[in-house]
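# What the coordinates show
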Amino acid sequence: MRNNLTTLQITDLSTPESGTGAKAQFAEDVKNGLGQEAKKLSSRYFYDGEGSRLFQKIMHLPEYYLTRSEHEVFTTQQQTIAQKLAAQGYFHLIDLGAGDATKTRILLKQLLQQNADFDYVPVDISGDAITELYQELPTELPSLQTQAVVGDYFNALDWLDEHKPGRKVLLFLGSNIGNFNPDERQEFMQKVRKHMQPGDMLLKGMDLCKEPETILRAYNDAAGVTAAFNLNLLHRINRELGGDFIVDQFKHFPIYDPQHGVMKSFLISQQDQQVTIKATGQTFHFKAWEAIHTESSYKFTLELAETIGHENDFKIQQIFQDKNHYFADVLYIVT
Ligand SMILES: C[S@@+](CC[C@H](N)C(=O)[O-])C[C@H]1O[C@@H](n2cnc3c(N)ncnc32)[C@H](O)[C@@H]1O
């Protein structure tokens with residue numbers, strides 16, 4: 001049964017976590033990450049307003065095959081994807097980490113064209129991303145019923161269970177799943193699974209193992225946009241937590257480990273230096289050439305996609321790939 005929604009509503013679950021709470025959490029995570037012997041910062045903090053803008057630029061770079069490949073999957077196979085999702089009647093299409101929803105929009109148009117019975121629930125931790133969708137979707141797709149949620153994936157799923165019961169189709173596009181290490185990925189899948197019932201579906205974007213140089217170039221573009229995206233994390237700490245990073249004294253350094261199928265990005269301190277971050281009340285020491293690990297991006301095989309599903313009571317219903325077999329959107333159904 002279709003819920004009685006206005007065309008677009010926004011629920012902000014980031015309060016009371018927003019403002020002081022969110023800043024305190026950010027400070028705590030930075031303090032813990034930089035306090036370790038092998039320093040790290042969570043990729044979760046990439047996406048402030050500037051980070052989201054830079055990521056949009058990355059998606060259009062010639063080296064960044066991921067978006068292009070997944071875009072091709074959606075443009076060439078949208079009809080089949082939409083039919084599979086809508087076959088069992090009314091559903092909530094929940095877009096976890098929606099960002100600018102470029103690829104999702106292709107699917108949304110197709111679903112509307114097919115008169116599918118659904119509403120759209122973009123979820124993003126970035127208020128900026130959701131605000132942009134809020135400004136664009138009603139004009140672009142006036143008949144779309146949308147309930148946008150600003151918040152973390154699992155706060156949003158808790159909220160949805162309470163306020164919008166019904167069949168769920170979850171989208172987890174891009175290569176968001178690749179940002180988790182294997183333990184985190186298993187935890188994510190288990191938590192997602194707890195919010196799903198038999199017949200619910202998950203369409204998950206997975207970047208596939210391929211020629212290592214192709215992967216490496218995607219995270220080290222010639223124009224330096226990925227470097228700026230990575231370094232923005234330090235600017236963000238300066239802006240929001242009162243840090244005094246001299247950002248020019250750090251450099252972006254990506255590597256690809258073909259044995260574990262993981263792309264890793266680091267920020268390297270180019271000299272011995274101290275950085276004080278007011279909100280943490282601490283000064284951190286960086287030796288010359290010491291690294292901060294900022295992101296991992298795991299790559300997949302189709303066998304691994306099947307194993308991940310099997311371990312969590314999902315069955316693969318169909319795999320959609322681009323013509324180069326660079327990227328897969330795997331449609332799982334809960335058994
Ligand atoms: C790489 S972008 C992908 C955007 C889009 N799904 C795509 O495929 O192009 C990741 C998005 O996930 C959001 N995100 C990251 N961690 C999140 C979390 N824990 N909860 C909700 N959104 C999150 C970010 O703000 C960002 O907009």
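This text gives an overview of the structure that appears in the document. (Residues numbered from 1 in each chain as written. Predicted model: local features only at pLDDT ≥ 70, side-chain atom pairs only at ≥ 80, totals over all residues. Heavy atoms only, no water.)

Along the protein, the regular secondary structure elements total ten helices and 13 strands. Summarising its shape, the C-alpha atoms of the protein cover approximately 60 × 45 × 35 Å along the three principal directions. By residue count, 53% of the 335 residues in the protein fall in the buried class. Long-range contacts, defined here as pairs at least 24 residues apart, represent 74% of the contacts in the protein between residues at least 6 apart. Only carbon and sulfur atoms are counted for the fraction: they give 49% of the accessible area of the protein, which is about 15,200 Å². Averaged over its 32 positive side-chain charges, the protein has a centre that lies 1 Å from the centre of its 44 negative ones. (Helix = DSSP H or I, 4+ residues; strand = E, 2+ residues; numbered from the N terminus. Buried < 20%, exposed > 50% of the residue type's maximum accessible area, 1.4 Å probe, protein only. Contact = heavy atoms within 4.5 Å. Areas by Shrake-Rupley, 256 points an atom, 1.4 Å probe, with all protein chains shown as cover. Lys, Arg positive; Asp, Glu negative; His and termini not counted. Charge placed at Lys NZ, Arg CZ, Asp CG, Glu CD.)

As a further point, take the packing of helix α2 (residues 49-59) against helix α9 (residues 225-241). As a packed pair, α2 and α9 sit with axes 9 Å apart at the nearest point and diverge in direction by 180 degrees. Here α2 lies roughly antiparallel to α9, going by the angle between them. Within the contact between the two elements, α2 uses Glu50, Gly51, Leu54, Phe55, Lys57 and Ile58 and α9 uses Val225, Thr226, Ala228, Phe229, Asn232 and Arg239. Looking at the contact of α2 with α9 residue by residue, the classes come out as six nonpolar, three polar and three charged. (Axes fitted to C-alpha atoms, helices over the stretch in contact; angles between N-to-C directions. Parallel < 35°, antiparallel > 145°, perpendicular 65-115°, else oblique. Nonpolar A, V, L, I, M, F, W, Y, C, P; charged D, E, K, R; others polar.)

Close contacts around the ligand come from 17 residues, with Gly97, Lys103, Asp124, Asp152 and Gly174 the closest. At a separation of 2.9 Å, a nitrogen atom of the ligand approaches a polar side-chain atom of aspartate 152. The separation between an oxygen atom of the ligand and a polar main-chain atom of glycine 174 is 3.1 Å. Burial of the ligand by the protein chains amounts to 92% of its free accessible area of 600 Å². Classifying every residue of the shell around the ligand gives seven nonpolar, six polar and four charged. Looking at which domains feed residues into the shell around the ligand, each of domain 1 (20-59 + 212-298) and domain 2 (64-210 + 299-334) gives three or more. (Near = heavy atom within 4 Å. Polar contact = N/O pair within 3.5 Å; in protein donor to acceptor, adjacent residues only side chain to side chain. Domains from an automatic or database assignment.)

With that settled, the discussion passes to the pairing of strand β10 (residues 282-286). Of the pairings in the sheet, the one linking strand β9 (residues 273-277) to β10 comprises five bridges and is antiparallel in character. Its bridge partner lying in β10, isoleucine 277 is registered against glutamine 282. Count of turn residues in the β9/β10 antiparallel hairpin: four residues, of which glycine 281 carries a positive phi of about 65 degrees. (Pairing = 2+ DSSP bridges.)

Between its terminal C-alpha atoms α9 stretches 24 Å, which fits the 24 Å expected from 17 residues at 1.5 Å a residue. Of all the bends in α9, the largest measures some 30 degrees and sits at leucine 231. For α9, the tally of buried residues reaches twelve of 17 residues, placing the bulk of the element in the interior. When α9 is considered as a whole, its buried residues turn out to be Val225, Thr226, Phe229, Asn230, Leu231, Asn232, Leu233, Leu234, Arg236, Ile237, Asn238 and Leu241. Trailing α9 by a residue or two, glycine 242 shows a phi angle of about 65 degrees, which is positive. (Expected span 1.5 Å × (residues − 1). Bend = angle between axes of the 7 residues up to and from the residue.)

Right, let's talk about the pattern of salt bridges for a bit. As a working rule, side chains carrying opposite charge can pair if their charged atoms are close by. Enumeration according to the criterion identifies 15 salt bridges in this entry. With a closest N to O distance of 2.6 Å, lysine 168 and aspartate 161 form a salt bridge. On the basis of relative accessible area, lysine 168 is assigned to the buried category, the value being 6%. You can call aspartate 161 partly exposed: its relative accessible area is 34%. Among the salt bridges present, the one from aspartate 207 reaches lysine 299, with a minimum N-O distance of 2.7 Å. Of this pair, aspartate 207 sits in strand β6 (residues 201-207) while lysine 299 sits in the loop between β11 (291-298) and α10 (302-311), placing them 92 residues apart in sequence. Residue aspartate 207 is classed as buried on the basis of its relative accessible area, which comes to 0%. A relative accessible area of 4% places lysine 299 in the buried class. Within the structure, one salt-bridge network assembled from shared partners comprises Arg105, Lys109, Glu136 and Glu140. (Salt bridge = Lys/Arg side-chain N within 4 Å of Asp/Glu carboxyl O.)

On the basis of which strands lie adjacent, the open sheet formed by three strands has the order β7-β8-β11 and antiparallel pairing. Taken across any chain shown, the strands that pair with only one partner, and hence form the sheet edges, are β7 (250-257) and β11. Averaged over neighbouring strand pairs, the angle between their axes works out to 20 degrees when direction is ignored. Note: β7 against strand β8 (residues 262-269), eight bridges, orientation antiparallel. For phenylalanine 250, the partnering residue across the bridge sits in β8 and is serine 269.

A few words now on the nonpolar core. The biggest cluster of nonpolar side chains holds 35 residues, and the ones touching the most others in it are Leu34, Leu234, Phe245 and Ile277. Here the element with the most residues in this core is α9; it accounts for seven residues. Looking at which domains feed residues into this core, each of domain 1 (20-59 + 212-298) and domain 2 (64-210 + 299-334) gives three or more. If sequence neighbours within four positions are ignored, leucine 34 has contacts with Lys39, Lys40, Leu41, Phe245, Ile277, Phe284, Phe286 and Ile292. (Core = buried A, V, L, I, M, F, W, Y, C linked by side-chain atoms within 4.5 Å.)

Any functional reading would require information that these geometric values do not contain.
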